[in-house]
Amino acid sequence: MSNVTIRLATAADLDRITEIYAAAVTQGTASYELEAPSRAEMGVRFDSLMAGGFPYLVAEKNGAVLGYAYAGAFRPRPAYRFIVEDSVYIAPEAKGQGVGLKLMQSLIEAVEAAGFRQIIAVIGDGHADSASVRLHEKLGFRHSGRLEGSGYKHGRWLDTVFMQLSLNGGASAPPDLESLPERKFREGLGGK
């Protein structure tokens with residue numbers, strides 16, 4: 001997939017992003033949503049991530065979006081501000097062609113450049129031969145937990161796997177006061 005380019009997502013990509021996610025929701029088990037969100041809802045989610053300064057990327061080939069990946073807040077409480085959760089979705093016709101790897105490599109670079117310390121992957125239907133588990137393992141994520149039977153979709157119980165990748169020293173050094181998460185936190189405190 002050498003002619004696949006990774007770029008920042010824009011609002012103009014949301015129709016295609018909505019289609020890709022709808023296929024994942026209705027046909028797959030990676031997302032625990034049962035009904036595909038509308039284009040309007042996907043726009044609200046996109047705007048929220050953009051307002052937070054989080055990276056949101058698309059993979060494109062010959063003008064067609066083949067997949068997307070983004071990082072968002074892992075949890076809303078402020079002590080979690082240095083941790084993000086990744087999401088990556090690939091169009092059905094582009095799976096198995098290295099698109100997810102390229103997206104995730106670029107996402108990891110963007111997250112690291114912003115100063116985050118951990119990326120968490122919360123993988124629905126996270127069995128050992130899951131494409132998402134294998135992708136994250138290839139990228140250096142380590143297994144950090146499993147919730148057995150935590151989702152029920154398409155007539156079966158699904159496990160959720162947690163995987164984790166440390167960046168920028170992880171938990172071995174104090175936070176960078178100039179990192180994006182710390183700057184956003186201070187802005188929320190009135191610039192203190």
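Going by the structure above, here's the rest.
This one's a predicted model, so the numbers in the text were calculated from it and none came from an experiment.

## Thoughts on the side chain of Ser87
Logical step 1: Counting through the fold element by element, Ser87 comes out in strand S4 (residues 83-90).
Logical step 2: Judged by relative accessible area, which is 13%, Ser87 ranks as buried.
Logical step 3: Excluding anything up to four places from it in sequence, Ser87 contacts Tyr68, Ala69 and Tyr70.

## Comments concerning the nonpolar core
Logical step 1: Ranked by size, the top nonpolar core spans 47 residues in total, and within it Ile17, Tyr68, Leu103, Met104, Ile108, Val111 and Phe141 carry the most contacts.
Logical step 2: Ranked by residues supplied to this core, first place goes to helix H3 (residues 99-114) with 7 residues.
Logical step 3: If we skip the residues at most four places from it in the chain, Phe141 touches Asp86, Met104, Ile108, Ile119, Ala121, His136, Met163, Gln164 and Leu165.

## Brief notes about the pattern of salt bridges
Should their charged atoms come close, side chains of opposite charge can pair.
Logical step 1: For the coordinates displayed, the defined rule picks out 10 salt bridges.
Logical step 2: Ionic pairing is found between Arg7 and Glu60, a salt bridge with its closest N-O pair at 3.1 Å. Here the residue Arg7 occupies a position in strand S1 (residues 5-8), and Glu60 occupies one in strand S2 (residues 56-61), the gap between them amounting to 53 residues.
Logical step 3: You can call Arg7 partly exposed: its relative accessible area is 24%.
Logical step 4: Classification of Glu60 by relative accessible area gives buried; the value is 18%.
Logical step 5: Across the salt bridge formed by Glu182 and Arg81, the nearest N and O atoms sit 2.9 Å from each other.

The rules behind each value
The numbers attached to residues start from 1 for each chain and follow its sequence in the written order. Since the coordinates come from a predicted model, pLDDT governs what is reported: local features require at least 70, and pairs of side-chain atoms require 80 or more to be given and counted, while whole-chain, interface and lining totals use all residues. To get the side-chain values, take all heavy atoms of the structure and skip hydrogens and water. Numbered from the N terminus, helices here are DSSP runs of H or I no shorter than four residues, and strands are runs of E no shorter than two. Partly exposed residues are those whose accessible area sits between 20% and 50% of the maximum for their type, while under 20% is buried and over 50% is exposed, using a 1.4 Å probe and protein chains only. We call two residues in contact whenever any of their non-hydrogen atoms come within 4.5 Å of each other. For the purposes of this section, nonpolar cores are sets of buried Ala, Val, Leu, Ile, Met, Phe, Trp, Tyr and Cys residues that join through side-chain atoms within 4.5 Å. By convention in these notes, a salt bridge is any Lys or Arg side-chain nitrogen within 4 Å of a carboxyl oxygen on Asp or Glu.

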